[in-house]
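Survey of secondary and tertiary structure
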Amino acid sequence: MPGIAAIIAVGLLVGYLIRRVEDARYGPSRTLVRMNANEPISDQHYIDGCFTNRPSLALKCRRIISEHCDFPEQFIHPDDRLIEDLRMW
């Protein structure tokens, strides 16, 4: 069992270090630069671009992403990709 815990710990450490290297290489503000290039859109435009019959759920997800990434939700578009555009990994 201690071997498994050590492997998990090393995996988490490697993941953390990779993220730190990428932040140092590209800058932590890379996401903000990308998102600020977006035009701000209203909630209605966001809902119109989503493929859902539950607009309240789409807006709630948008709000959660906004809070997690720490930038205004008006700049989050329905076609933004979580990993490539928002760097949520």
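Refer to the structure printed above.
This write-up is about the structure you can find in this document. (Residues numbered from 1 in each chain as written. Predicted model: local features only at pLDDT ≥ 70, side-chain atom pairs only at ≥ 80, totals over all residues. Heavy atoms only, no water.)

Here we look at the overall build of the protein
Note the following rule: Each helix corresponds to a stretch of at least 4 residues labelled H or I by DSSP, and each strand to a stretch of at least 2 residues labelled E; elements are numbered beginning at the N terminus. Between buried and exposed lies partly exposed: a residue is buried under 20% and exposed over 50% of the maximum accessible area for its type, with that area taken using a 1.4 Å probe on protein chains only. The contact rule is simple, with two residues in contact once any of their heavy atoms fall within 4.5 Å. Each accessible area value is a Shrake-Rupley result obtained with a 1.4 Å probe; residue values ignore everything except the protein chains displayed when judging cover.
The number of helices and strands found in the protein is four helices and zero strands. Along the chain direction, N to C, the helices and strands of the protein fall in the order α-α-α-α. Taking all 89 residues of the protein together, the buried fraction comes to 26%. Across the protein, every contact between residues at least 6 apart in sequence was considered, and the portion connecting residues at least 24 apart equals 57%. In the structure as shown, the protein presents an accessible area of about 6,700 Å², 62% of it carried by carbon and sulfur atoms.

Some words on the nonpolar core
Note that soluble globular proteins tend to have their nonpolar side chains buried in a common cluster. To be explicit about the condition: Only buried Ala, Val, Leu, Ile, Met, Phe, Trp, Tyr and Cys residues count toward a nonpolar core, and they belong to the same one when joined by side-chain atoms within 4.5 Å.
Ile41, Tyr46, Ile47, Cys50, Ala58, Leu59, Ile65, Cys69, Phe71 and Ile76 form the largest nonpolar core, which has 10 residues in total. Elements with a minimum of two residues in this core: α3 (43–49) and α4 (55–69). Among the elements that make up this core, the one with the highest residue count is α4 (four residues). Once you skip the residues sitting within four places of it in the chain, tyrosine 46 turns out to touch Ile41, Ala58, Leu59, Arg62, Ile76, His77 and Pro78.

A short note on α4
Our working rule: The span you would expect from a helix comes to 1.5 Å times its residue count less one. By arc we mean the arc of the directions from the helix axis to the C-beta atoms, nothing more.
Taking 1.5 Å of rise per residue, 15 residues should cover 21 Å, and α4 covers 21 Å from first to last C-alpha, within 8% of that figure. Every buried residue of α4 is listed here: Ala58, Leu59, Arg62, Ile65, Ser66 and Cys69. Buried residues along α4 cover an arc of 120 degrees about the axis, so they all sit on one side. In α4, the exposed positions angled more than 90 degrees off the buried face are occupied by Ser56, Glu67 and His68. Of the surrounding elements, those touching the buried residues of α4 are α3. The first or second residue beyond α4 is aspartate 70, which carries a positive phi of 60 degrees.

Observations concerning the pattern of salt bridges
To keep it simple, the criterion reads: One speaks of a salt bridge when a side-chain nitrogen belonging to Lys or Arg is within 4 Å of a carboxyl oxygen belonging to Asp or Glu.
Enumeration over the complete set of coordinates arrives at one salt bridge. Here aspartate 43 makes a salt bridge to arginine 62, at a shortest N to O gap of 2.9 Å. Residue aspartate 43 is found in helix α3, and its partner arginine 62 is found in helix α4; the two are separated by 19 residues along the sequence.

Some thoughts on the side chain of glutamate 73
Put simply, the rule is: When charges are counted, neither His nor the chain ends are considered; positive counts come from Lys and Arg and negative counts from Asp and Glu.
Relative to the elements of secondary structure, glutamate 73 occurs in the segment after α4. For the buried glutamate 73, which has no salt bridge, the nearest side chain bearing the opposite charge is arginine 63, at an N-O separation of 4.2 Å. Beyond its immediate sequence surroundings of up to four residues, glutamate 73 is in contact with Asp43, Arg62, Arg63 and Ser66.

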